[in-house]
Amino acid sequence: MATTDRRTATLALAHALSAAEHGLPVIPLSATKLPALRSPHHGEARPSGCRGACGLPGHGVHDATTDPTAVRDLFAAAPWATGYGIACGRAPHHLIGVDLDIDANGRTDSVAALQQLALQHLFTLPPTVTVLTPSGGRHIWLSGPPDVSVPNSAGRLAPGIDIRGAGGYLVGPGSVTAHGTYRLVPGTGTLPPAPCPSALLHLLTPPAHPRNHHHGHPDQGRGLVQFVLAADEGQRNTRLFWAACRAYEHGFGDALADTLVRAAVRTGLPEHEARATIASAARLTATRCEPPG
């Protein structure tokens, strides 16, 4: 491992230990922002439902811990880790992450969309921890009540707004990825995660509706579908794989699979190739995240 890589790994561990000291459960991440440790059930014929009961590391967000010894052990098992993830929905903070994506083509203004939601539903976001992403987006940290499970979602509130809740994770500040470094907005690092405004919390926890899991809720993942549809010829497979991974990480990959296939086919990707790509994404993410409620 090169000196620069060792320094990056050492800093990632230091940041993770600091987060754990503040009650934030952490896991090591690779430069791809995915959990750094491969599942011990990799290669099994059927996806494993194990969430760490086997006692081995490699279960993604289920490995997340605040115990400093356990954190060191996880990073020792993944010396290539360049960052860390923070598990959402876990005590004591019950973290909720509002992920505001930035569209490089300027077609999506997630910040304006969130402001519109705030005006429409009469809430104000309090000062809180805010993290700048390498793409120019930001993660807003909020805390939720212990008796409410906030589900993960992608583009359900509005295009470009993703929510990290129970079973999801946020890339921690100080993490280095293939696209750059996640950094705290100056002045927010000393703040605790602010309580989620009740009106916003209501939007994040819509009442459950019976639905056909083969077709899914019409709002689920519409931003991911648009992401696939916007692919140029050289991006089709990469965009489809990324979108499928996000869908499976959020717990509705199977429900969205056919829609993603149709979107990919519209961009010119052969159907058999699209289905193979989505199957690869399903295998990759099978044991890395808990399906959201």
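Residues numbered from 1 in each chain as written. Predicted model: local features only at pLDDT ≥ 70, side-chain atom pairs only at ≥ 80, totals over all residues. Heavy atoms only, no water.

Observations concerning the sheet that holds strand 1 (residues 26-29)
Pairing is antiparallel across the open sheet formed by three strands, whose spatial order is 1-2-8. Of all the strands in the sheet, the pair left with one neighbour each is strand 1 and strand 8 (169-171). The mean angle between the axes of side-by-side strands here comes to 35°, regardless of whether they run parallel or antiparallel. One ladder, built from four bridges, connects strand 1 with strand 2 (residues 83-87); its direction is antiparallel. Residue pairing across strands places P28 opposite Y84, the latter belonging to strand 2. Across the sheet, helix 2 (residues 68-77) touches strand 1 and strand 2, and the angle it forms with strand 1 is around 15°. (Pairing = 2+ DSSP bridges. Helix = DSSP H or I, 4+ residues; strand = E, 2+ residues; numbered from the N terminus. Axes fitted to C-alpha atoms, helices over the stretch in contact; angles between N-to-C directions. Contact = heavy atoms within 4.5 Å.)

Topic: the packing of aromatic side chains
In total, this model carries one aromatic pair according to the counting rule given. Summarising the aromatic geometry, the rings of F227 and W242 are spaced 4.7 Å apart at their centres and angled 50° between planes, so their arrangement reads as tilted. Residue F227 is found in helix 5 (residues 222-229), and its partner W242 is found in helix 6 (residues 236-249); the two are separated by 15 residues along the sequence. Look at W242 and you get partly exposed, because its relative accessible area is 34%. Residue placement shows R239 over the ring face of F227; its charged tip is 4.1 Å from the ring centre. (Phe/Tyr/Trp six-rings, centres within 6.5 Å; stacked < 30°, edge-to-face > 60°. Buried < 20%, exposed > 50% of the residue type's maximum accessible area, 1.4 Å probe, protein only. Lys NZ or Arg CZ within 6 Å of the ring centre and 35° of its normal.)

Structural notes on the packing of helix 5 against helix 6
Closest axis-to-axis distance for the helix 5/helix 6 pair is 9 Å, and the angle between their directions is 170°. One element, helix 5, and the other, helix 6, form an angle in the roughly antiparallel class. Seen from helix 5, the contacting residues are L224, F227 and V228; seen from helix 6, they are R239, L240, W242, A243, R246 and A247. Here the residues of the contact of helix 5 with helix 6 are counted per class, giving seven nonpolar, no polar and two charged. (Parallel < 35°, antiparallel > 145°, perpendicular 65-115°, else oblique. Nonpolar A, V, L, I, M, F, W, Y, C, P; charged D, E, K, R; others polar.)

With respect to helix 5
Those residues of helix 5 not exposed but buried are L224, V225 and V228. The buried residues of helix 5 occupy an angular sector of 100° when the element is viewed end-on, so they sit on one face. Tucked into the core, helix 5 has its buried residues touching strand 6 (153-154), helix 6 and helix 7 (253-266). (Arc of directions from axis to C-beta.)

A word on the confidence of the model for the chain
Confidence in the prediction of the chain, expressed as mean pLDDT, is 85, and 86% of residues score 70 or more. Low pLDDT, under 50, characterises residues 209-218; the predicted model gives this stretch seven contacts beyond four residues in sequence or across chains. Residue range residues 287-293 is modelled with pLDDT below 50. Its contacts to residues more than four positions away, or to other chains, number 30 contacts. (pLDDT = per-residue confidence, 0-100.)

Structural notes on the pattern of salt bridges
Within the structure shown, the criterion is met by four salt bridges. Among the salt bridges present, the one from D99 reaches R164, with a minimum N-O distance of 3.4 Å. Here D99 is found in strand 3 (residues 95-100), whereas its partner R164 is found in strand 7 (residues 161-164), with 65 residues between them in sequence. An identical accessibility class is assigned to D99 and R164; each is buried. Among the salt bridges present, the one from R275 reaches E271, with a minimum N-O distance of 3.1 Å. Taken as a pair, R275 and E271 lie in helix 8 (residues 271-285) at a separation of four residues, close to a single helical turn. Taking the relative accessible area as the measure of exposure, R275 reaches 37% and is therefore partly exposed. A residue is classified by how much of its surface remains accessible, and E271, at 44% relative accessible area, is partly exposed. Each of the salt bridges in this network shares a partner with another, and the network as a whole consists of D258, E271 and R275. (Salt bridge = Lys/Arg side-chain N within 4 Å of Asp/Glu carboxyl O.)

Details of unusual backbone geometry
For the peptide bond that leads from A91 to P92, omega is 5°, which places it in the cis range. Looking at where P92 falls in the secondary structure, it is placed in the loop between strand 2 and strand 3. Located in the positive-phi region is H94, a residue other than glycine, with phi close to 50°. Its location among the elements puts H94 in the loop between strand 2 and strand 3. Among the residues examined, H94 registers a relative accessible area of 17% and is labelled buried.

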